[in-house]
Amino acid sequence: VDQVFPVMVGYLPLQEDFEENTTVYRCVVHLYQAGHPQIQQLLPQLLRAFAQVMGTTQLTEEIQNALTAMVKDVHQKFPQDFNNVVSSLPQEQAEKLQMAATL
């Protein structure tokens, strides 16, 4: 996982084979919930990917809800990281993350 996960995150958001989003994002959420040590280091990349796919047809409702819950948790536990990412995003993507964090 330590070698594969950062490479996988580098390919997010997926540009094709959107069916794989369910598996990939379920894995991300699982590792976050398990407290995997690499997650915090990769939060900026993950949040940027989430901002691009949230609210699109690329995600199932289950994964949309799981990412929303993760964004809320990241906002609470890592507010500085969250705010740094939000401030670096285009307005539409920043608003998606902010909305998810406050649902």
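Residues numbered from 1 in each chain as written. Predicted model: local features only at pLDDT ≥ 70, side-chain atom pairs only at ≥ 80, totals over all residues. Heavy atoms only, no water.

Mapped onto the elements, Val 24 comes out in helix H2 (residues 20-33). Exposure remark for Val 24: the relative accessible area of 12% places this residue in the buried category. Excluding anything up to four places from it in sequence, Val 24 contacts Met 8, Leu 12 and Leu 14. (Helix = DSSP H or I, 4+ residues; strand = E, 2+ residues; numbered from the N terminus. Buried < 20%, exposed > 50% of the residue type's maximum accessible area, 1.4 Å probe, protein only. Contact = heavy atoms within 4.5 Å.)

Take the environment of Asp 2 next. Examined against the element boundaries, Asp 2 turns out to sit in the segment before helix H1 (4-10). Residues Asp 2 and Pro 37, 35 residues apart in the sequence, show an inter-C-alpha distance of 9.0 Å. Apart from residues lying up to four places away in sequence, Asp 2 is in contact with His 36 and Gln 38.

The next subject is the confidence of the model for the protein. Of the residues in the protein, 100% reach a pLDDT of 70 or more, and the chain-wide mean stands at 92. The least confident element of the protein is H1, whose mean pLDDT is 89; the most confident is helix H4 (residues 61-77), at 96. (pLDDT = per-residue confidence, 0-100.)

A few words now on the pattern of salt bridges. Enumeration according to the criterion identifies two salt bridges in this entry. One salt bridge connects Arg 26 with Glu 62, and the closest N-O pair in it is separated by 2.9 Å. Of this pair, Arg 26 sits in helix H2 while Glu 62 sits in helix H4, placing them 36 residues apart in sequence. In this structure Arg 26 comes out as partly exposed when scored by relative accessible area, which is 40%. Asp 73 serves as the salt-bridge partner of Lys 77, at 3.1 Å between the closest nitrogen and oxygen. Of the two residues, Lys 77 and Asp 73 are both situated in helix H4; the distance of four residues between them amounts to about one turn of the helix. (Salt bridge = Lys/Arg side-chain N within 4 Å of Asp/Glu carboxyl O.)

Turning our eyes to something else, we now look at the side chain of His 36. With respect to the secondary-structure elements, His 36 resides in the loop between H2 and helix H3 (37-53). Taking relative accessible area as the criterion, His 36 reaches 16% and is therefore assigned buried. In contact with His 36, not counting residues within four places along its chain, are Val 1, Asp 2 and Leu 31.

Looking now at the nonpolar core. Across soluble globular proteins, nonpolar side chains have a tendency to be buried as a group. If you look at the biggest cluster of nonpolar residues, it comprises 34 residues, and the most contacted ones within it are Tyr 25, Leu 46, Phe 50, Leu 67, Met 70, Val 71 and Leu 97. Elements represented by at least two residues in this core include exactly H1, H2, H3, H4, helix H5 (79-88) and helix H6 (91-102). It is H3 that contributes the most residues to this core, nine residues altogether. In contact with Met 70, not counting residues within four places along its chain, are Val 28, Val 29, Tyr 32, Leu 43, Leu 46 and Phe 50. (Core = buried A, V, L, I, M, F, W, Y, C linked by side-chain atoms within 4.5 Å.)

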